[in-house]
Amino acid sequence: MNSEQQYIDLFLQHGALLSAGSHPLIDAHREQALEQLRADNLPLRKDERYKYTDVRAMLEPDYGLNLSRLPLPYDPRKAYRCRVPGLNSRLHYIAGDSVVANNDVVNEETLFVGSLVEFAKSRPEVFSTYYNKMKGDSLAALNTMLVQDGLVIYAGRGRKVEELIQVVSLAVGGVPMLANRRQLIILEEGAEVAVLSCNHSATDQENLASEVVEGFLEPNSRLQYYCVEENGSNCRLLNNTYFALRQNSSLEYASIVLKGGTSRRTVNVALNEPQAEVVASGLVVADGEMHTDNNLLVCHNAPQCHSDMLYKYVLDGKSVGAFAGKVFVAQGAQKTDSQQTNANLCVSPEAHMYTQPMLEIYADDVKCNHGSTIGQLDDLSLFYMAQRGIAPDEGRLLLQQAFAWEVISRIALPPLRQRMQHLLEERFRFGAGACGDCTVCGA
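Conventions adopted
- Residues numbered from 1 in each chain as written.
- Predicted model: local features only at pLDDT ≥ 70, side-chain atom pairs only at ≥ 80, totals over all residues.
- Heavy atoms only, no water.
- Helix = DSSP H or I, 4+ residues; strand = E, 2+ residues; numbered from the N terminus.
- Buried < 20%, exposed > 50% of the residue type's maximum accessible area, 1.4 Å probe, protein only.
- Contact = heavy atoms within 4.5 Å.
- Areas by Shrake-Rupley, 256 points an atom, 1.4 Å probe, with all protein chains shown as cover.
- Lys, Arg positive; Asp, Glu negative; His and termini not counted.
- Charge placed at Lys NZ, Arg CZ, Asp CG, Glu CD.
- Phe/Tyr/Trp six-rings, centres within 6.5 Å; stacked < 30°, edge-to-face > 60°.
- Pairing = 2+ DSSP bridges.
- Core = buried A, V, L, I, M, F, W, Y, C linked by side-chain atoms within 4.5 Å.
- Axes fitted to C-alpha atoms, helices over the stretch in contact; angles between N-to-C directions.
- Parallel < 35°, antiparallel > 145°, perpendicular 65-115°, else oblique.
- Nonpolar A, V, L, I, M, F, W, Y, C, P; charged D, E, K, R; others polar.

Draft legend 1. Expanded view of the overall build of the protein chain. From N to C terminus, the protein chain includes eleven helices and 20 strands. Overall, the C-alpha framework of the protein chain stretches about 70 × 55 × 45 Å when taken along its three principal axes. The proportion of buried residues among the 443 residues of the protein chain is 56%. Restricting to contacts in the protein chain with at least 6 residues of sequence separation, those with at least 24 account for 84%. When the accessible surface of the protein chain is split by element, carbon and sulfur atoms take 49% of a total near 17900 Å². In the protein chain, 40 side chains carry a positive charge and 53 a negative one; their mean positions are 2 Å apart.

What follows is the structure, encoded as structure tokens:
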């Protein structure tokens, strides 16, 4: 059976269960998603954007789905604290693919943070304006066909949210599970929001998370969106993220992978009006048999827009890293300013890195640069430190930290930057251990 066919059959057989745990405005998009999945099928390795990760193989196992919305065996609010010291934040939880109700749900005139279903009930016009409006591929269509709920972050005109909105997504279940998650982020004109989206594992079972994130930035708005992966080796992640930016809006996006199994992130950013800008950063620290694939597409569809991409990988053991970044400059998008850099460090001779920076330009008054490097630890630097009494292991640690620091230093929020620096040092010194403040992953 084809990977997609088992999910098509599941949808056709259990559509009533999907609808019972969802909302008619979400259900209205399922049939179109089904037709797209039938027409396009799931991506193959021969498809340009998926040649480094076999997503069909990731979806082949017979995963369970929580279609009946069964209650969780424990309260994730008690098990996971995941606080960032020095940063005022509100915690919101997605366990499997269930949004966990808590006292931090916000429903105000100019701010909503909570369930996708509840948002569809209370603000149907806004929901219909934005939900599932991005042009996604068949993986996003699979999510749209099966998703039942998700998390909405809505900031109305001029609303500046001072608290960090933290989303903790947990892999749960006593059997192998597929979780279909959704985030919808809407910033009206002049709004400002910072989001930290964390992925953790609370099960030793094989699991797969299918995530779709849609973000809409209206004129003069600002979004800081940080995502951190600290999953177990039994976890697989398929993430499709889409951002649409209008005039003078600003997006700071950062993806940090500290541990996990197989991870594939597809990020599309559309700069649709003048003076829009995106700063995208990525850091991967991988060992064992981790497989981490980041694929970015930034479309300059309007003049006078700016993009800056910096992704770095530190690969040890038999880990595999992949990066493909493409900057597309449309005809008439003059005065485009774009910089793309991918730098990679292979600590182990058995680690593999694939890199593919690309430019596609149809305007003649632009400034676009791109580059990529793959290297090993510098023996001369290690020798220099050894002469000054620094042990070889400590020297390697310092070089790796210095290499990764450039990405961490781009995080605009000082407490979060310090927290990531601490987690990074812990990762290099002690491997894929715990972050130290929850009862799920230890410590």
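Next, the rest of the story.
Draft legend 2. Just the packing of aromatic side chains, in detail. In this structure the tally under the stated criterion is ten aromatic pairs. Relative to Phe-323, the ring of Tyr-311 has its centre 5.2 Å away and its plane inclined at 35°; by these criteria the two rings are tilted. One end of the pair, Tyr-311, is in strand β16 (residues 306–315); the other, Phe-323, is in strand β17 (residues 320–329), with twelve residues separating them in the sequence. The exposure class of Phe-323 is buried, given its relative accessible area of 0%.

Draft legend 3. Quick look at the pairing of strand β6 (residues 164–171). Most of β6 is tucked away, with eight of its eight residues classed as buried. Side chains Leu-164, Gln-166, Val-168 and Leu-170 project from β6 onto one buried face, and the interleaved Ile-165, Val-167, Ser-169 and Ala-171 project onto a second face that is buried too. Two elements, strand β1 (residues 89–95) and β6, share seven bridges in a ladder whose sense is parallel. Paired with Ile-94 across the bridge in β6 is Ser-169. In terms of strand pairing, β6 meets strand β8 (residues 192–201) through seven bridges, oriented parallel. Paired with Val-167 across the two strands is Ser-197, which belongs to β8.

Draft legend 4. Region of interest: the environment of Leu-315. Within the secondary structure layout, Leu-315 lies in strand β16. The class of Leu-315 is buried, set by a relative accessible area of 0%. Expressed as a C-alpha distance, the spacing of Leu-315 and His-291, which sit 24 residues apart in the sequence, is 9.8 Å. Sequence-distant contacts of Leu-315, that is, excluding residues within four places in its chain, are made with Ala-286, Gly-321, Leu-345, Cys-346, Val-347, Ser-348, Ala-351, His-352 and Met-353.

Draft legend 5. Geometry of the nonpolar core. Val-193, Leu-223, Tyr-225, Phe-243, Leu-251, Tyr-253 and Val-269 are the most contacted members of the largest nonpolar core, which has 51 residues in total. Apart from the residues within four sequence positions on either side, Val-193 is in contact with Ile-153, Ala-155, Val-161, Ile-165, Leu-187, Arg-222, Leu-223 and Gln-224. Of all hydrophobic cores here, the second largest spans 32 residues; its members include Leu-87, Ala-343, Leu-345 and Leu-416.

Draft legend 6. Highlighting the packing of helix α1 (residues 3–20) against helix α8 (residues 138–146). Between α1 and α8, the least distance of the axes is 10 Å, while the angle of their chain directions is 30°. By the angle between their axes, α1 is roughly parallel relative to α8. Along its contact with α1, which presents Tyr-7, Ile-8, Leu-10, Phe-11 and Leu-18, the element α8 presents Leu-142, Met-145 and Leu-146. Its residues assigned to classes, the contact of α1 with α8 shows eight nonpolar, no polar and no charged.

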